[in-house]
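Structural description and commentary
What follows is the residue order along each chain.
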Amino acid sequence: MALNIENIVAELKEATILELNDLVKAIEEEFGVTAAAPVAVAAAGDAGAGAAKDSFDVILKDAGASKINVIKVVREATGLGLKEAKAIVDGAPAPVKEGVPTEAAEALKAQLEEAGASVELK
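In this text the structure is predicted, and so the values were computed from the model without any measurement. (Residues numbered from 1 in each chain as written. Predicted model: local features only at pLDDT ≥ 70, side-chain atom pairs only at ≥ 80, totals over all residues. Heavy atoms only, no water.)

1. So, the environment of Ser66
Selection rule: Helix numbers and strand numbers start at the N terminus; a helix is a DSSP run of H or I with at least 4 residues, a strand a run of E with at least 2. Buried means the residue's accessible area, taken with a 1.4 Å probe over protein chains only, is under 20% of the maximum for its type, while exposed means over 50%, and partly exposed covers the values in between. Two residues form a contact once any of their heavy atoms are found within 4.5 Å.
The topology assignment puts Ser66 in the loop between strand 1 (55–62) and helix 4 (67–78). Residue Ser66 is classed as partly exposed on the basis of its relative accessible area, which comes to 24%. Sequence-wise, Ser66 and Ala117 are 51 residues apart; in three dimensions their C-alpha atoms are separated by 7.9 Å. Residue contacts for Ser66: discarding those within four places in its chain leaves Ala115 and Gly116.

Written out as structure tokens, the structure is:
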């Protein structure tokens, strides 16, 4: 027996809230599942996502005194040409890389700071 999804959806649209509540209870009893668990898991996942960020934007705040060294690091990290890397450094504050994993962001920040720049992770 094949399900006709369109008919099921049409009937659900016409059902009252009480009828839908009874349907959910019947499905829970018949199949031994609960409709509340996925909602709780999703809410817990959202709460955890705010606490531990796994990717960052590396923002160049200031190039510092050794601008040439900072341009070299930006070129290395981004794969951009000299003109594009210089534009980022001259346009500080500017994002160098966006959506970078935590470890890579920390490493890039350390390289830029070693070259004399001020860097922020967002």
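Let us keep going from here.
2. Topic: the pattern of salt bridges
Rules: For this analysis, a salt bridge means a side-chain nitrogen from Lys or Arg found within 4 Å of a carboxyl oxygen belonging to Asp or Glu.
For the structure on display, the rule yields two salt bridges. The shortest N-O distance in the salt bridge between Lys67 and Asp90 comes to 2.7 Å. Taken together, the residues span a long stretch of sequence, with Lys67 in helix 4 and Asp90 in helix 5 (residues 82–90) at a distance of 23 residues. Looking at Asp90, the relative accessible area reads 38%, which means it is partly exposed. In this structure, Asp90 engages Lys86 in a salt bridge whose closest nitrogen and oxygen atoms are separated by 2.7 Å. Linking Asp90 with Lys86, this pair stays in helix 5, spanning four residues, or about one helical turn.

3. Looking at the sheet that holds strand 1
The condition that has to hold: DSSP-based pairing: two strands are paired if at least 2 bridges between them are found. For helices, the fitted axis covers only the stretch in contact; all axes are lines through C-alpha atoms, and the angles between them, taken along N-to-C directions, range from 0 to 180 degrees.
Spatially, 2-1-3 is the arrangement adopted by the three strands of the open sheet, whose pairing is antiparallel. At either margin of the open sheet sits one strand with a lone partner, and together these are strand 2 (94–101) and strand 3 (118–121). Across the sheet, the mean angle separating the axes of adjacent strands is 25 degrees when strand polarity is ignored. As paired elements, strand 1 and strand 2 share five bridges and run antiparallel to each other. Looking across to strand 2, one finds that Val58 is bridged to Lys97.

4. Focus: the nonpolar core
The cut-off we apply is this: Nine residue types can take part in a nonpolar core, namely buried Ala, Val, Leu, Ile, Met, Phe, Trp, Tyr and Cys, and a core is a set of them joined through side-chain atoms within 4.5 Å.
Residues Val58, Val70, Val74, Val89, Val96 and Leu112 are the most contacted members of the largest nonpolar core, which totals 20 residues. Elements that contribute at least two residues to this core include exactly strand 1, helix 4, helix 5, strand 2 and helix 6 (102–114). Counting residues per element, this core draws most heavily on helix 4, which supplies four residues. Those residues within four positions of Val96 in sequence are excluded, and the remaining contacts are Val58, Leu60, Val74, Thr78, Ile88, Leu108 and Leu112.

5. Observations concerning the pairing of strand 1
Along any regular strand, the residues point their side chains to alternate faces of the sheet. Sheet topology note: the strand 1/strand 3 ladder contains four bridges and is antiparallel. Note on strand 3: the bridge partner recorded for Ile59 is Glu120.

6. Topic: the confidence of the model for the protein chain
The criterion, for reference: In predicted models, pLDDT denotes the confidence assigned by the predictor to each residue on a 0 to 100 scale.
Looking at the protein chain, the pLDDT average stands at 81 and 84% of residues meet or exceed 70. Per-element confidence in the protein chain ranges from a low mean pLDDT of 49 for helix 3 (residues 36–51) to a high of 89 for helix 4.

7. As for the packing of helix 4 against helix 6
This is how it is decided: Roughly parallel means an angle under 35 degrees; roughly antiparallel means over 145; roughly perpendicular covers 65 to 115; every other angle is labelled oblique. A clockwise turn of the near helix away from the far one marks a right-handed crossing, whereas an anticlockwise turn of less than a right angle marks a left-handed crossing. Three categories are distinguished: nonpolar for Ala, Val, Leu, Ile, Met, Phe, Trp, Tyr, Cys and Pro, charged for Asp, Glu, Lys and Arg, and polar for the others, with Gly belonging to the last.
Between helix 4 and helix 6, the least distance of the axes is 8 Å, while the angle of their chain directions is 155 degrees. Classified by the angle between their axes, helix 4 and helix 6 sit roughly antiparallel to one another. Here helix 4 and helix 6 pass one another in a crossing that is right-handed. Touching Val70, Val73, Val74 and Ala77 of helix 4 are Leu108, Gln111 and Leu112, all from helix 6. A breakdown of the residues in the contact of helix 4 with helix 6 according to their chemical character gives six nonpolar, one polar and no charged.

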